[in-house]
Amino acid sequence: MKETVAILGAGTMGRGIAEVAALAGHAVWLYDPLEAALERALTEIRTDLQKLAEKGRLVGTVDEVLARIQPTQSLEDCAKAAWVIEAAPEQLELKQELLGQLGQLNPDNILASNTSTFSISAIAARVKHPERVLGLHFFNPAQRMKLVEVVGGLQTAPALLQRALELMQSWGKEPVQVVDAPGFLVNRVARPFYGEALRLHGEGIAKEHIDWILRGLGFPMGPFELMDLIGLDVNYAASTSVYQAFYGEPRYRPHPLQYQRVAAGMLGRKTGQGWYTYPPGPPRPPTPPPVQTQDTPLPLIVGPNPLAQELRARFRHTENAAEAQFVLDCRVKLERKHDFFENLPVVSLVWGHSASSVQAEFRERPVAGFSLVPPIGEQAIVELFAPLSGANQALELAQTYFRAHGHHTLLLPDQPGGVGFRILALLINEAVSALAEGVASPADLNRAMRLGTGYPLGPLEWAERLWLKPVLRALEGLQAELGEDRYRPHPLLRRMVAAGLETFGNLSLAPYAKGDLQTREEEAV
Ligand SMILES: NC(=O)c1ccc[n+]([C@@H]2O[C@H](COP(=O)([O-])OP(=O)(O)OC[C@H]3O[C@@H](n4cnc5c(N)ncnc54)[C@H](O)[C@@H]3O)[C@@H](O)[C@H]2O)c1
């Protein structure tokens, strides 16, 4: 006989979680103070189960699964359950009160919260025996999303976390264990995906271009179309909450453009207007041009990093400087960019600086900037930048060259980093900071970001693909040119590069996450 589960709140998340638990064979109490919410939840669960049955993916019948879900408006009923999962509205007092009450009614049951933003330790504060309180953070829609963050608060019993991981696995989920830190793991590490996209848009780059470039990198959606899907209000609330919880840390600062749309009631798809208008919704990315490399100008590709290697492996080029028509300089550090091939136009990677800064190094020579991020997929868009002095022969060469290799090019306002790389670099930096704070292990971090957000690679895996050193040098360059703390490379990244480490491997700082002196002393003995 499987343990009974109670779900508090029959809204979007509660009904999804109830369905998953019932499908896994548990008897479920589904609680909501609103009768209409319960009725609606049962109707929606039935519809969803019917769809599963039509696809042949339901074990048993719709009625059998539904019979396991018992709607209730009594907390006493819920208190009988071994597991209580709270999915009530996102208000701290309400969650404390609900779980506090349940804890009074039954001293033994396990009390979980599906909160997105509040500290589990804070929710547990009013519960008798807080060691039985934990976070079970499901993703929307809970029926389909595999990821569940299993969050341990300061007082949560370690053995309970293990039980919760096993329970989630038995529900067909892929749980990851994370510590109780603002935004937990996914909502925190994903912040730059939106925040930096907004910054770039604020610097004059069209939102459509940002969305196309990110799709070209393999993300399932661009940041603006994704904000429209999530709801600009929900996304803004998440940004604000993480920013406040970190006491105004600059890299989490929400953007005025976000507030402006929310205040105007342009909340995304649900209001018919967000960053885009619905219908028709966002414009589709352009189709890549056909590959025609016969007469393309030949570059000399300079630089040791994986981008240079991938370009050499797949793009036409020459190793003979006398034959080259231009230089494709993939080196990241600006200080290295003035010392060779005096007569050739230069198309320079801009990961750590703007095209205008490179132009200053090369004086009168034609210079353009480019950015392209490995692994280079078929849909990858090449970002091109003209220095402030204007378009020139280097820009024309770059356009011809990349188009001939089947890649659409976009000429963007000059700024350091490029769109795709700048967002990715900040995702990586944020992932490193979460790792350094022991929020999760490297493997869990990568897995959670792939499962929870659909990123093509986990940010730490991506850093390894790009090499840690170029990522660090680029962040240093961004911080120098943009003059802002939000680009500050995390000290752990610096330490890893200084130590010559190239992979995150099993580097895990989790045991020290809570600064637990006892653990350290025990280990020292
Ligand atoms: N929607 C998401 O994408 C998402 C994702 C992960 C986590 N969450 C979290 O899940 C929780 C629920 O979010 P949601 O989107 O399902 O909200 P929702 O508004 O769809 O549902 C909340 C439900 O709780 C009910 N409710 C009101 N007062 C209650 C009370 N005192 N006790 C129990 N239930 C009560 C409401 O009637 C409603 O049916 C929140 O903490 C939210 O932060 C939401």
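What you see is a predicted model, and the numbers here were worked out from it, not measured in a lab.

J.: Tell me about the overall build of the protein chain, residues and numbers included.
T.: Looking only at helices and strands, one finds 22 helices and 14 strands in the protein chain. Relative to the globule expectation of 24 Å for 525 residues, the C-alpha radius of gyration of the protein chain, 26 Å, shows essentially globular dimensions. Once the C-alpha set of the protein chain is aligned to its principal axes, its extents read approximately 80 × 60 × 40 Å. Counting across all 525 residues of the protein chain, residues that qualify as buried make up 54%. Taking contacts inside the protein chain between residues at least 6 apart in sequence as the whole, the part at least 24 apart equals 66%. Carbon and sulfur atoms form 52% of the exposed surface of the protein chain, whose accessible area is close to 22,200 Å². Separation between the mean location of the 50 positive side-chain charges and that of the 58 negative ones in the protein chain comes to 2 Å.

J.: Tell me what's going on with the site of the ligand, and back it up with residues and numbers.
T.: The full set close to the ligand counts 23 residues, and Met13, Asp32, Glu90, Lys95 and Ser116 are the nearest of them. Taking Asn140, its side chain carries an N or O atom lying 3.3 Å from an oxygen atom of the ligand. Here the ligand, which alone exposes 830 Å², has 75% of that area covered by the protein. Within the residue set of the shell around the ligand, elements represented by two or more residues are helix 1 (12-23), helix 5 (92-105) and strand 6 (133-138). When residues in the shell around the ligand are grouped by element, the largest group, three residues, is from helix 5. Considering only residue class, the shell around the ligand consists of 12 nonpolar, eight polar and three charged.

J.: Can you tell me about the side chain of Thr156, naming the residues and giving the values?
T.: Within the secondary structure layout, Thr156 lies in the loop between strand 7 (147-152) and helix 7 (158-170). One polar contact links the side chain of Thr156 to the main-chain carbonyl oxygen of Val133, over a distance of 2.8 Å. At a separation of 2.7 Å, a polar atom in the side chain of Thr156 contacts the main-chain amide nitrogen of Gly153.

J.: An account of the sheet that holds strand 14 (residues 409-412) is requested, with residue identities and associated values reported.
T.: Strand order in the open sheet formed by six strands is 9-10-11-12-13-14, with mixed pairing between adjacent strands. Either end of the sheet is taken by a strand with one partner, and the two such strands are strand 9 (299-302) and strand 14. Pairs of neighbouring strands in the sheet enclose a mean axial angle of 25 degrees, with direction left out of account. Pairing of strand 11 (residues 346-349) with strand 12 (residues 367-371), which is carried by four bridges, proceeds in the parallel orientation. Each residue of the ladder has a partner; that of Val346, found in strand 12, is Val367. Packing against the sheet, helix 10 (residues 207-216) makes contact with strand 13 (382-385) and strand 14, and its axis sits at approximately 140 degrees to strand 14.

J.: I'd like a description of the confidence of the model for the protein chain, backed by residues and values.
T.: Looking at the protein chain as a whole, the pLDDT averages 95, with 96% of positions reaching at least 70. Within the model, pLDDT remains below 50 along residues 511-515, and this stretch shows 10 contacts once partners closer than five positions in the same chain are excluded.

J.: Would you mind going over the UniProt feature "domain: 3-hydroxyacyl-CoA dehydrogenase NAD binding" (unreviewed entry) in the protein chain in detail, with residue names and values included?
T.: Using the residue numbers shown here, the UniProt feature "domain: 3-hydroxyacyl-CoA dehydrogenase NAD binding" (unreviewed entry) corresponds to residues 4-180. The span residues 4-180 shows a helical share of 42% and a strand share of 21%, and its end C-alpha atoms are spaced 26 Å apart.

J.: Describe the UniProt feature "domain: 3-hydroxyacyl-CoA dehydrogenase C-terminal" (unreviewed entry) in the protein chain, and please don't skip the residues or the numbers.
T.: This chain's UniProt record puts "domain: 3-hydroxyacyl-CoA dehydrogenase C-terminal" (unreviewed entry) on residues 183-278 and 420-500. In the segment residues 183-278, helix accounts for 58% and strand for 0%; the C-alpha atoms at its two ends are 30 Å apart. Along residues 420-500, the helical share is 74% and the strand share 0%, with 26 Å between the first and last C-alpha atoms.

About the cut-offs
Residues numbered from 1 in each chain as written. Predicted model: local features only at pLDDT ≥ 70, side-chain atom pairs only at ≥ 80, totals over all residues. Heavy atoms only, no water. Helix = DSSP H or I, 4+ residues; strand = E, 2+ residues; numbered from the N terminus. Rg over C-alpha atoms; globule rule 2.2 N^0.38 Å. Buried < 20%, exposed > 50% of the residue type's maximum accessible area, 1.4 Å probe, protein only. Contact = heavy atoms within 4.5 Å. Areas by Shrake-Rupley, 256 points an atom, 1.4 Å probe, with all protein chains shown as cover. Lys, Arg positive; Asp, Glu negative; His and termini not counted. Charge placed at Lys NZ, Arg CZ, Asp CG, Glu CD. Near = heavy atom within 4 Å. Polar contact = N/O pair within 3.5 Å; in protein donor to acceptor, adjacent residues only side chain to side chain. Nonpolar A, V, L, I, M, F, W, Y, C, P; charged D, E, K, R; others polar. Pairing = 2+ DSSP bridges. Axes fitted to C-alpha atoms, helices over the stretch in contact; angles between N-to-C directions. pLDDT = per-residue confidence, 0-100. UniProt positions renumbered as here; feature names shortened; annotations may be inferred.

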